[in-house]
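Overview (structure and organization)
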Amino acid sequence: MGPGGGGSAWPLAGTVLVAVATSLAAGGEDCLWYVDRNGSWHPGFDCDFFTFCCGNCHQRYCCRDPLRLITERQQRHCLAF
């Protein structure tokens with residue numbers, strides 16, 4: 001390859017690698033108990049490996065979409081409010 005050839009692909013490849021590693025590390029993330037918008041209590045549950053807790057303060061489910069991820073820290077923040 002000549003000068004500058006192919007170098008522009010590395011930042012994108014690095015970003016993709018970090019995103020994949022992050023989602024794998026988050027696999028098995030637990031969904032903590034929560035209260036939905038109607039005031040109903042829902043017990044916590046575990047997500048399978050390669051999935052994680054998704055949703056928001058009032059609705060939780062397991063998924064593989066890192067954009068919908070809600071961390072245990074964010075879930076605990078929901079409980080405080």
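Residues numbered from 1 in each chain as written. Predicted model: local features only at pLDDT ≥ 70, side-chain atom pairs only at ≥ 80, totals over all residues. Heavy atoms only, no water.

Under the annotation held in an unreviewed UniProt entry, the chain carries the name SHSA4 protein and is attributed to Crypturellus undulatus.

**Some details on a nonpolar patch on the surface**
To keep things clear, this is the line we draw: Patch membership requires over 30% relative accessible area and the absence of a salt bridge. Like charges are linked within 9 Å, and nonpolar side chains (Val, Leu, Ile, Met, Phe, Trp, Tyr) within 5 Å. For every accessible area listed, the method is Shrake-Rupley and the probe measures 1.4 Å; residues are considered covered only by the protein chains on display. Any Lys or Arg side-chain nitrogen found within 4 Å of a carboxyl oxygen on Asp or Glu counts as a salt bridge. Helix numbers and strand numbers start at the N terminus; a helix is a DSSP run of H or I with at least 4 residues, a strand a run of E with at least 2. To sort residues, take the accessible area from a 1.4 Å probe on protein chains only and compare it with the maximum for the residue type: under 20% means buried, over 50% means exposed, and anything in between is partly exposed.
A contiguous nonpolar patch, built from W33, V35, W41 and L79 and spanning about 390 Å² of accessible area, is present on the exposed surface. Note on placement: V35 falls in strand β2 (residues 34-35). Of the residues examined, V35 reaches a relative accessible area of 34% and is grouped as partly exposed.

**Digging into the pairing of strand β5 (residues 52-56)**
Operational definition: Think of it this way: DSSP has to see at least two bridges between two strands before they count as a pair.
The pairing of β5 with strand β6 (residues 59-63) spans five bridges and is classified as antiparallel. Each residue of the ladder has a partner; that of G55, found in β6, is R60.

**What about the packing of aromatic side chains?**
Note the cut-off: Stacked, tilted and edge-to-face are the three classes applied to pairs of Phe, Tyr and Trp rings, where Trp contributes its six-membered ring and a pair requires centres within 6.5 Å; stacked means planes under 30 degrees apart, edge-to-face means over 60, and tilted covers the rest.
What the rule picks out here adds up to one aromatic pair. Ring geometry for F49 against F50: centres 4.4 Å apart, planes inclined by 65°, an arrangement best described as edge-to-face. Given the relative accessible area of 45%, F50 is considered partly exposed.

**Section: the nonpolar core**
Stated formally: The term nonpolar core refers to a set of buried residues drawn from Ala, Val, Leu, Ile, Met, Phe, Trp, Tyr and Cys, joined through side-chain atoms within 4.5 Å. Residues count as neighbours in contact if any of their non-hydrogen atoms are within 4.5 Å of one another.
Listed in full, the five residues of the largest apolar core are C31, C47, C53, I70 and C78. Not counting the four nearest positions on each side in its chain, C78 is found in contact with C57, R60 and I70.

**Things to note about the side chain of T51**
For clarity, the cut-off: Counting of polar contacts relies on pairs of N or O atoms within 3.5 Å, with two restrictions inside protein: one atom must be capable of donating a hydrogen and the other of accepting it, and residues adjacent in sequence are counted only when both atoms are side-chain atoms.
For T51, the position within the fold is in the loop between β4 (45-46) and β5. A distance of 2.6 Å separates the side chain of T51 from the backbone oxygen of D48, its partner in a polar contact.

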